[in-house]
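Residues per chain are reported as follows:
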Amino acid sequence: MTGMERSFICLVLVLCSATAKAQESGFKPLSSNPEELYVFKDYLYFTAEDGEHGRELWRISVPDGLPELIKDATPGAEGSELDHFYGFNDTLYFRRKDPVYGGELWSSDGIPGGKTERIKRFNDVPSDGGFFSVLGHVGDTVLLGVGTDIGSRSVWRTDGTTEGTTDFFERSTGSFQSTTQLGMQWGEKLLLGASGNSNDKSNSGLCITDGTMEGTTYLTQMDKGIALITRLGEKGILFTGKTEELGQELWFTAGTPETTRLLKDIYPGPDSSDVADGVCYYDPLGNREPIAYFRAINPVSGAELWQSDGTPEGTRLAFDIAPGTASSSPYQLSTSSDGIFFNANTKETGTELFFLSLSGEPSYALVKDIKPGFRSSDPYAHLVPGGGGALYFSADGTLGEEFWVSSGTEDTTQMLVDMVEGPGSSFPNYTTAIGSYIVFAATHPIYGRELWYTSKKDSVHLLCDIYADHSENPSSSPTWLTPLGDRLLFVADDVAHGRELWATEGADGDAELVMDIYPGRIGSQPEELTVVGDLVYFAADAPETGTELYVSDGTPTGTSMVQDICPNELSSGPKHLFAWRGILLFSAFRPYDGEELWAVWPGRKVAIVANIRPGSESSLPSNFVAWKEHVYFQANDGTKGAELWRTDGTREGTTLVEDVVPVPYEKLSVTSMVPLHNRLFLSAHTETFGHELWSIDEEGKGFSLVDDIATRAHTRIFKKHSK
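Predicted model, so just to flag it, every value in this text is computed and none were measured.

1. Points about the overall build of the protein chain
Part 1 of the reasoning: When its secondary structure is counted, the protein chain shows two helices and 56 strands.
Part 2 of the reasoning: Counting over 723 residues, the protein chain shows a buried share of 51%.
Part 3 of the reasoning: Partitioning the intrachain contacts of the protein chain with sequence separation of at least 6 by distance along the chain shows that 42% fall at a separation of at least 24.

Okay, structure coming up:
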């Protein structure tokens, strides 16, 4: 036996003994706590704390490398605060936040003991600012956002050297005014905004750059206030900018000085129009050019709806909704196939829903004064798939909060039903599209909380008063709404059957009890409705069988118990239902098997997949995750503790990935996962090793600790002091 083999055996014995003592004392092992996992080139970079160096930068190579400390940026056990990793060319850039001077720019060649160094400390005095993010790269230049503790921003550039890291605009007063356009791409260049000091505006405005000063062109010069409004397809970009003479106004650029122009001084003079909430409408038939709509302030019209096609003559007030100097202040602009819905306020109506029709000659209309007079209904949209362009929404009218629909005109805008007479509210929710119907749950004073439906723009109808006994609780309280083809399956409670499985196709009165699984008022309490192909599986309780697995196609004849897994009135308690490639995986209990992994294959064949923990004890399979050709999950076989297993749905294909540590009561908890070269790296916690870095090999069979960084460091310290 070699010395290395003896050392390994001793280590295992020590770990087993330490784990047993830890279980008794509640002691928690040291953890390196891997964070900021970042893949660059052929390495996984991350931060970890080994107790000797504190939290620092580490890397691991694929396939067989061990974690390597890149550099102890803050010597000693204190550690560094590292983040904002950005790999470019052969260099890894990142931020180190100095506790005194703020964010510093660092770079690394990624080699332990190689060139990892601070490129730039931006502050010479104590500050909370400094480097705060990478904006992007153009050519061989990386652009940075640099801040101060009072919030100003400046753009810097770096070529990876201290000498080549400079204020991009070559002035200490150059500052970024908005994060909206940071690194905004236009072709192969970037658009940037900058402003100079109050005495020199020559270094202020919108520029486009290839990453060099020589390749940087000022498209226009302005003070500040640069913000993206919207794109006009490939035509150009609408943005705002502020000048001393014009204030903040609307501008356009196609990426050249010749195409960059003020579209309109919407608020004449030095005051600003405060353009905001821009959207672009694209004609679905392609019969008209893209056109932008937005809110802007004018001294004559107030804050109103404006439009622009990217030309000065095409930039104009669309509609003065609140005439005169009053403002309608349109917001929440939402495009549809025929136009734009938006909220607006007038003194006569308060805040209500409006629609701008763009199917023909543009025109707008108040959708409806839902809460008549100056009070507001404050509508908010509910988009429903297959709604035919109509907007479904809730609004608080004089009759309370109810369900509404609009196609953009007053005669197509209606409250679908006043379920609670007077100012009460039905609070509609669980809105679901089924075929040509829209189904939702709402509360009615007589029927209670039941399912209702509308045939898209039609009136609302009660599907069925499932709970018909109004002397107690009038609500069936539908839950687990699950679309299955053209039917909707759900769980509801009626007075006769308790909570059972129901189905509907959305037609008036067409809601039927699928099966009374537990006769009487107790109910089978169906849970975990899970769709596999054209079937729904669920767990339900019955008096003679207990809680077992059921299947349904949405009809009474197509609903049945899959199998009485645990006979004699005992429950198998199916849970963790997981659909994968036409197979249903789940856990279930039998007295002589315990809770183990089961499956239902196509054709409804059901069987235990594997008795991972032989005998009556349970392996408790849980936390199913699909990766590549298998489903991975956690289970405990009773001898190796809670470990990672995988299955392909067959007995032969269900195997332990690997015994992490040979300790029966070992527990494994996986958190973040990052793939790299067909391996899966995991940040995971065990009771022996604490929180460390693990990986699964490319075949998905070898789940192993990459390295116990914290323990390795403390072992090294122990050896050092024991000499």
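After presenting the structure, the write-up continues.
2. Here's the deal with the packing of aromatic side chains
Part 1 of the reasoning: Taken as a whole, this structure holds 16 aromatic pairs when the rule is applied.
Part 2 of the reasoning: Taken together, a centroid distance of 5.9 Å and an interplanar angle of 20 degrees make the contact between Phe-538 and Tyr-550 stacked. Taken as a pair, Phe-538 in strand β42 (residues 535–542) and Tyr-550 in strand β43 (residues 546–552) lie far apart in primary sequence, 12 residues in all.
Part 3 of the reasoning: With a relative accessible area of 0%, Phe-538 lands in the buried category.
Part 4 of the reasoning: The buried category is assigned to Tyr-550, whose relative accessible area is 5%.

3. Notes on the sheet that holds strand β26 (residues 339–346)
Part 1 of the reasoning: With respect to topology, four strands assemble into an open sheet ordered β25-β26-β27-β28, the strand pairing being antiparallel. With one partner strand each, in any of the chains shown, β25 (331–335) and β28 (363–368) form the two edges of the open sheet. The mean inter-strand angle of the sheet, taken between neighbouring strand axes irrespective of direction, is 30 degrees.
Part 2 of the reasoning: Of the pairings in the sheet, the one linking β25 to β26 comprises three bridges and is antiparallel in character. Bridge pairing in β26 links Thr-335 to Ile-340.

4. Section: the sheet that holds strand β39 (residues 498–504)
Part 1 of the reasoning: Strand order in the open sheet made by the four strands is β37-β38-β39-β40, with antiparallel pairing throughout. A strand with exactly one partner marks an edge of an open sheet, and here the two such strands are β37 (479–484) and β40 (511–515). For this sheet the average axis-to-axis angle between neighbouring strands, irrespective of direction, equals 35 degrees.
Part 2 of the reasoning: Alignment of β39 against β40, held across four bridges, turns out to be antiparallel. Looking at β40, one finds that Leu-501 is bridged to Met-515.

5. Observations regarding the environment of Ala-442
Part 1 of the reasoning: Of note, Ala-442 is situated in strand β34 (residues 437–444).
Part 2 of the reasoning: Note on Ala-442: relative accessible area 0%, which makes it buried.
Part 3 of the reasoning: In this structure, Ala-442 is in contact with Met-419, Ser-426, Pro-428, Gly-448, Arg-449, Glu-450 and Trp-452, ignoring residues within four places of it in sequence.

6. A few points about the pairing of strand β48 (residues 605–610)
Part 1 of the reasoning: Pairing of strand β47 (residues 594–601) with β48, which is carried by five bridges, proceeds in the antiparallel orientation. Directly across from Val-600, in β48, lies its bridge partner Val-606.
Part 2 of the reasoning: Here β47 folds back onto β48 in antiparallel fashion, the turn holding three residues, of which Gly-603 has a positive phi close to 95 degrees.

7. Here's the deal with the pattern of salt bridges
Part 1 of the reasoning: In the structure shown here, the tally under the stated rule is 18 salt bridges.
Part 2 of the reasoning: Its salt-bridge partner being Asp-83, residue Arg-95 comes within 2.9 Å of it at the nearest N-O pair. Here Arg-95 is found in strand β6 (residues 91–98), whereas its partner Asp-83 is found in strand β5 (residues 82–88), with 12 residues between them in sequence.
Part 3 of the reasoning: The class of Arg-95 is buried, set by a relative accessible area of 14%.

8. Side note on the confidence of the model for the protein chain
Part 1 of the reasoning: With 83% of its residues at a pLDDT of 70 or more, the protein chain shows a mean pLDDT of 80.
Part 2 of the reasoning: Across the protein chain, strand β23 (residues 302–308) holds the top mean pLDDT of 95, while helix α1 (residues 3–25) sits lowest at 42.
Part 3 of the reasoning: Under a pLDDT of 50 for its full length, residues 171–182 has, in the predicted model, 37 contacts with residues more than four places off or in other chains.

9. Let's talk about the pairing of strand β50 (residues 630–636)
Part 1 of the reasoning: Where burial is concerned, most of β50 is hidden: seven out of the seven residues are buried.
Part 2 of the reasoning: Judged from the four bridges that link them, strand β49 (residues 622–627) and β50 form a sheet pairing that is antiparallel. Residue pairing for β50: Val-625 is matched across the bridge by Tyr-632.
Part 3 of the reasoning: Counting the residues that bridge the hairpin from β49 to β50 gives two residues, and of these Lys-628 lies at a positive phi of roughly 60 degrees.
Part 4 of the reasoning: Alignment of β50 against strand β51 (residues 642–647), held across six bridges, turns out to be antiparallel.

10. Quick look at the environment of Ser-31
Part 1 of the reasoning: Along the chain, the position of Ser-31 falls in the loop between α1 and β1 (35–40).
Part 2 of the reasoning: In this structure the C-alpha to C-alpha distance between Ser-31 and Asp-50, which are 19 residues apart in sequence, comes to 7.7 Å.
Part 3 of the reasoning: Setting aside anything within four residues of it in sequence, one finds Ser-31 in contact with Glu-49, Phe-689, Gly-690, His-691, Glu-692 and Ala-710.

11. Focus: the side chain of Thr-315
Part 1 of the reasoning: As for its placement among the helices and strands, Thr-315 is situated in the loop between β23 and β24 (316–319).
Part 2 of the reasoning: One polar contact links the side chain of Thr-315 to the main-chain carbonyl oxygen of Thr-311, over a distance of 2.8 Å.
Part 3 of the reasoning: In contact with Thr-315, other than residues within four places in its own chain, are Leu-250, Leu-263, Lys-264, Gln-307 and Ser-308.

12. Quick notes on unusual backbone geometry
Part 1 of the reasoning: In this structure, His-576 is a non-glycine residue whose phi angle is positive, near 60 degrees.
Part 2 of the reasoning: As for its placement among the helices and strands, His-576 is situated in strand β45 (residues 575–580).
Part 3 of the reasoning: Positive phi, normally seen in glycine, also occurs at Arg-581, with a value near 50 degrees.
Part 4 of the reasoning: One can find Arg-581 in the loop between β45 and β46 (583–590).

13. Points about the environment of Thr-504
Part 1 of the reasoning: Checked against the element boundaries, Thr-504 lands in strand β39.
Part 2 of the reasoning: A C-alpha to C-alpha distance of 9.6 Å links Thr-504 and Thr-555, two positions 51 residues apart in sequence.
Part 3 of the reasoning: In contact with Thr-504, other than residues within four places in its own chain, are Leu-463, Asp-486, Arg-487, Leu-488, Phe-490, Asp-510 and Ala-511.

14. Quick word on the side chain of Ser-357
Part 1 of the reasoning: Within the secondary structure layout, Ser-357 lies in strand β27 (residues 350–357).
Part 2 of the reasoning: Its relative accessible area of 19% is what places Ser-357 among the buried residues.
Part 3 of the reasoning: Within the local environment of Ser-357, its side chain forms a polar contact with the side chain of Ser-359, the two groups lying 3.5 Å apart.
Part 4 of the reasoning: Look past the residues within four positions of Ser-357 in its chain and what remains in contact with it is Asp-338, Pro-362 and Ser-363.

The rules behind these values
Residues numbered from 1 in each chain as written. Predicted model: local features only at pLDDT ≥ 70, side-chain atom pairs only at ≥ 80, totals over all residues. Heavy atoms only, no water. Helix = DSSP H or I, 4+ residues; strand = E, 2+ residues; numbered from the N terminus. Buried < 20%, exposed > 50% of the residue type's maximum accessible area, 1.4 Å probe, protein only. Contact = heavy atoms within 4.5 Å. Phe/Tyr/Trp six-rings, centres within 6.5 Å; stacked < 30°, edge-to-face > 60°. Pairing = 2+ DSSP bridges. Axes fitted to C-alpha atoms, helices over the stretch in contact; angles between N-to-C directions. Salt bridge = Lys/Arg side-chain N within 4 Å of Asp/Glu carboxyl O. pLDDT = per-residue confidence, 0-100. Polar contact = N/O pair within 3.5 Å; in protein donor to acceptor, adjacent residues only side chain to side chain.

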